[in-house]
Amino acid sequence: MYSKTLIKKDSYYDSVTLMSLSNKILNVDGVEDAVVSMGTAMNKDLLNNIEMATEESEAAGENDLIIAIKAENEEKYETALEKVEDLLDNKDDKKGEKKEVKAKTINSALKDFPEANFAVISVPGQYAAREAKIALKNDLNVMLFSDNVSIEAENELKDLAVEKGLLMMGPDCGTAAINSKGLCFANKVKAGNISLIAASGTGLQEVMVQIDKNEGGVAQAIGTGGRDLKKEIGGKMMIQSIKALAADPETEVITLISKPPAEEVEAKILKVAAEIDKKFVICFLESDRDSDDEKIVFANTLKDAALKSVEAAGITVEKKTGIKENKELQAKIKEEKAKLNKKQKYLRGLFGGGTLCAEALYILRDKLEEIKSNIAKNEQEKLADINNYQGNVLLDMGEDEFTLGKPHPMIEPSLRNERILEEAKDPEVGVILLDFELGYGSHSDPAGASVKAIKEAKKIAADDNRELIFISYICGTESDYQNYSQQAKKLKEVGSILAENNVEAAEIAAEILAEEV
Amino acid sequence: MKKNLPKGYNLKAKSCDHKFLDYVTKYENDGLKIHSVFNRVINLIDANGNLITIANNELDNGPATLIVDSKINFNFINQEMEVKYYDQKITIADKLQISLADLKIWTVPAAKIDKVNSIYFKKNKNLFDSYLKSKLTTDGCGYFYLANFHSDKKFEQSSGMISKELNLRLSNLKAKLIAGEDITAEIKSIIGFGIGLTPSGDDFLVGMLSVFYLLKEGEKLFLEIVSILKKFKIETTDISKKMLKYSIRGSTRENIYKLINALTAEEKIKEKVIKNVLEIGSTSGKDIAVGIMTAFDVIINIRENNGG
């Protein structure tokens, strides 16, 4: 008979899970007995009485979980133990269905893949810093998708990365493309000589997509995590990434994208950029910066950042007219505007991309009256209640307040579809603005998954003798696996106006809703 | 996944007891850490190992517990986050802020139940019993209940080792309580015994102590158990320790009080009152309910033995 115990320190599983675990272990062939309980004195006593106690179980604390298994032999014990790990980790326990070997730790992954130089980490926040540290200590560059990592831990990890000459992307880094390989949420774009460093996810995606649309190409796209340019972190990873790209022979233009950094951080970054013999395009969103410097060019929107990057890369950008000069678009705007009744004077922007929502707010602030958003920094623009509002409203539906316990709308649009129908019931709404993100990580058919809701919304309005106008922007390329053209076709078929970029989508909305003078 | 830095939630506290306020104000600014997080509950711990609880409004009031005015799921909080209390606000990192400005103070009901209408009580006890029987499985104290109250031993083979052992220990405790014998060893044997974050033996004891505390007829038994518990170190999980610590002071959760009061009231017990207790934790409520039922049974047996 073989008896052993497994101890899980400070583990809090509810009793239903533990009872189910206990029953499932007992059903494993060759297992004679199993006890799954907290390490209290009385429970340890019981293990002693039934001769299942071990040195480990005796040493377990009151808040530790003890899993004691008595089996016919070691092999049966190991089978049961595997079952335990699978059940506690919520993994698929159907034998033979696993298609790839999954390493349980970074160290065991390194044993299987000693040549690895990159780790993507997505574990609950409390474990994320520890895993990232292990990866960095093993000379791996890190992309840390997890959030809920303290600023102190972020600083420590970034110091270690700088010391070792490694990238430490994140925490909360959702988008990157290294050597044209997209990681987490990324679009498939042409390879080229522009490299991007960004503190925001969809901001980085939008610039990559717009570069691709304007015949430019991307060498590297590096995410730093949203807090990197804060005073507390001091832009450590943006500076480290600039230095890495300075040495990258493929990179000729370096484009930086972020919200405005802390003053001293901005000065540091500009100093580093000035010392490097490559062209820079800097987009500190909403900062309204300008410069005549040929080496460092400033852009104020994501679209401008992309166009200026392409120009800096030596590619002639086809001069496009603004929406005011676009006769075809103006005719469409006029036609749509005529469909609205006098009461329909408000916009509702329902975004999956946080930075796209922030950029739309920047564009629309001066064009529409009293616009509010759940992500506004300015108190006057801050939306008090995401479920009860009037007027012009932009919602980032990827925020926690919407996604708690529900999938992010970029992954599964049903959350946003429900809101589309709600907005359609408001007789004061004239225009609904939507974004659709394509690429790795996103829903396989975001437009297709939303057309039913758009049709139903239009019907709700029609039943009330109104018409509802939809404006969509698809942040994606023809090479994305969802395919831009196919997605665009689906949205056009339900009568949505399609914008070329996020800025244009916001501008069209403003034109339609502008009061006649 | 977050695409921007979260803004954090601003919530209002709905209610709490004096104990909770005492602890947070004592540790103004810092001194509290996150002990554990569940979907509906955040447990905070101080340097002395005292636990206090923040719960969403799906849960009831209880000792050292604050209820927020929201159904929020706390799964975005983790143990590493910093907890602060200042200016009548509890903040957890930049994720959660709870204003304590307009809360109601919940006080533990002090009134004892000294008269029980036997006709209503019998009916209510039968309703409670049939509801409990329909909901219990052989896990935790369930096997003891089915075997002891319904002589239903058909589950003996399928019951786990802990359930069977718990049946023996609880049966001994019940028998000795009725016989008026020393119960020190029996009480010790159930503390920290059983499955779950709050082992079944602890939950059972909480239910039993609550009845003994509230009923005048149970006063002597309450004091006897409390004196035993005070003699030795309670070795169980942190969350159970908190529960027991307050139970021996006569303080327990609002829904447990409501159930005991409803059982002894002169009107038909509402199913919802029973259900609210059974839904405590994942299985704790069922073990607490068995403790309540056993306590009433003990009192009835003692009364009958004394010719009452």
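Residues numbered from 1 in each chain as written. Chains lettered and ligands numbered in written order. Predicted model: local features only at pLDDT ≥ 70, side-chain atom pairs only at ≥ 80, totals over all residues. Heavy atoms only, no water.

K.L.:
Sorry, what's going on with the state of the cysteines here?
P.N.:
Put plainly, a disulfide is one covalent bond tying together the sulfur atoms of two cysteines. If you walk through the whole model with that rule in mind, you get zero disulfides over all chains. Cys173(A) forms no disulfide, and the closest cysteine sulfur to it belongs to Cys184(A), at a distance of 7.1 Å. (Disulfide = S-S within 2.5 Å.)

K.L.:
For this particular structure, what's the right way to read the pattern of salt bridges?
P.N.:
Opposite charge on two side chains permits them to pair, given that their charged atoms come into close proximity. Residues and elements named next belong to chain A. Taken as a whole, this structure holds 36 salt bridges over all chains when the rule is applied. In this structure, the salt-bridge partner of aspartate 64 is lysine 9, at a minimum N-O distance of 3.2 Å. Here the residue aspartate 64 occupies a position in the loop between helix H3 (55-59) and strand E3 (65-71), and lysine 9 occupies one in the loop between strand E1 (2-8) and helix H1 (15-26), the gap between them amounting to 55 residues. Overall, the relative accessible area of 2% leaves aspartate 64 in the buried class. Taking relative accessible area as the criterion, lysine 9 reaches 60% and is therefore assigned exposed. Across the salt bridge formed by aspartate 463 and lysine 459, the nearest N and O atoms sit 3.1 Å from each other. One end of the pair is aspartate 463 and the other is lysine 459, both in helix H16 (residues 451-463) and four residues apart, which spans about a single turn. Each member of the pair aspartate 463 and lysine 459 is classed as exposed. Linked by salt bridges that have partners in common, Glu154, Lys158, Arg227 and Asp228 make up one network. (Salt bridge = Lys/Arg side-chain N within 4 Å of Asp/Glu carboxyl O. Helix = DSSP H or I, 4+ residues; strand = E, 2+ residues; numbered from the N terminus. Buried < 20%, exposed > 50% of the residue type's maximum accessible area, 1.4 Å probe, protein only.)

K.L.:
Would you explain the sheet that holds E1(A) in this entry?
P.N.:
Strand pairing in a sheet relies on backbone hydrogen bonds, with the paired strands running either antiparallel or parallel. Residue and element names in this part refer to chain A. Ordered by their spatial adjacency, three strands build an open sheet running E1-E3-E2, and the pairing between neighbours is antiparallel. For this open sheet the edge positions go to E1 and strand E2 (31-38), each flanked by a neighbour on one side alone. The mean angle between the axes of side-by-side strands here comes to 10°, regardless of whether they run parallel or antiparallel. Lying on the sheet, helix H2 (residues 41-49) is in contact with E2 and E3; it crosses E2 at an angle near 165°. (Pairing = 2+ DSSP bridges. Axes fitted to C-alpha atoms, helices over the stretch in contact; angles between N-to-C directions. Contact = heavy atoms within 4.5 Å.)

K.L.:
Got a minute to help me understand the confidence of the model for chain A in this structure?
P.N.:
As a note on interpretation, predicted positions should not be read in detail where pLDDT is low. Residue and element names in this part refer to chain A. On average, residues of chain A carry a pLDDT of 88, and 95% of them reach 70 or more. Element-level pLDDT for chain A is lowest in H1, with a mean of 74, against a maximum mean of 98 in strand E14 (residues 346-351). The low-confidence segment residues 91-99 (pLDDT under 50) makes eight contacts with residues lying over four places distant or belonging to another chain. (pLDDT = per-residue confidence, 0-100.)

K.L.:
Quick question: what am I supposed to make of the packing of helix H6 (residues 200-214) of chain B against helix H9 (residues 254-264) of chain B here?
P.N.:
Describing two packed helices takes the angle between their axes plus the distance from one axis to the other. Residue and element names in this part refer to chain B. At a minimum axis separation of 10 Å, H6 and H9 run at an interaxial angle of 55°. By the criterion of interaxial angle, the relationship of H6 to H9 is oblique. As H6 runs across H9, the sense of the crossing is right-handed. Residue-level contacts link Val206, Ser210, Val211 and Leu214 of H6 to Ile256, Tyr257 and Ile260 of H9. Residue composition of the contact of H6 with H9, grouped by class: six nonpolar, one polar and no charged. (Parallel < 35°, antiparallel > 145°, perpendicular 65-115°, else oblique. Left-handed = near helix turned anticlockwise from the far one by under 90°. Nonpolar A, V, L, I, M, F, W, Y, C, P; charged D, E, K, R; others polar.)

K.L.:
What am I meant to see in a positive patch on the surface here?
P.N.:
Residue and element names in this part refer to chain B. A cluster of like positive charges, contributed by Lys19, Lys26, Lys230 and Arg249, occupies part of the molecular surface. Structurally, lysine 230 is set in helix H7 (residues 219-231). Relative accessible area serves as the criterion here: at 62%, lysine 230 is assigned to the exposed category. (Patch = residues over 30% accessible without salt bridge, like charges linked within 9 Å, V, L, I, M, F, W, Y side chains within 5 Å. Areas by Shrake-Rupley, 256 points an atom, 1.4 Å probe, with all protein chains shown as cover. Lys, Arg positive; Asp, Glu negative; His and termini not counted. Charge placed at Lys NZ, Arg CZ, Asp CG, Glu CD.)

K.L.:
Looking at this model, I keep getting lost on the nonpolar core. Mind explaining?
P.N.:
Where a protein is soluble and globular, its nonpolar side chains tend to be buried together. Residue and element names in this part refer to chain B. Counting 71 residues, the largest nonpolar core has Phe212 and Ile292 as the members making the most contacts within it. With ten residues, the top contributor of residues to this core is helix H11 (residues 284-305). With near-sequence residues (within four places) excluded, phenylalanine 212 lies in contact with Leu177, Gly218, Glu219, Leu221, Phe222, Ile225, Ala295, Val298 and Ile299. (Core = buried A, V, L, I, M, F, W, Y, C linked by side-chain atoms within 4.5 Å.)

K.L.:
Could you clarify how one ought to interpret empty space enclosed by the protein in this entry?
P.N.:
Empty space among the atoms becomes apparent when a probe as large as a water molecule is rolled across them. Using the criterion set out here, one finds two cavities of 30 Å³ or more in the structure. Empty space within the largest cavity amounts to approximately 90 Å³. Forming the walls of the largest cavity are Gly352(A), Pro409(A), Met410(A), Pro413(A), Arg416(A), Asp435(A), Phe436(A), Glu437(A), His443(A), Pro446(A) and Ser450(A). Broken down by element, the lining of the largest cavity gets its largest block of residues, three residues, from strand E17 (residues 429-437) of chain A. Taken together, the residues that form the lining of the largest cavity break down as five nonpolar, three polar and three charged. For the second largest cavity, the full set of lining residues is Val116(B), Phe121(B), Leu215(B), Thr264(B), Phe296(B), Ile299(B), Ile300(B) and Arg303(B). A per-element tally of the lining of the second largest cavity places H11(B) first, with four residues. (1 Å grid on protein atoms, 1.4 Å probe; cavity = no way out; pocket = protein on both sides within 12 Å on 5 of 7 lines; lining within 4 Å. Points joined across faces, edges and corners; volume = space filled by probe spheres on them.)

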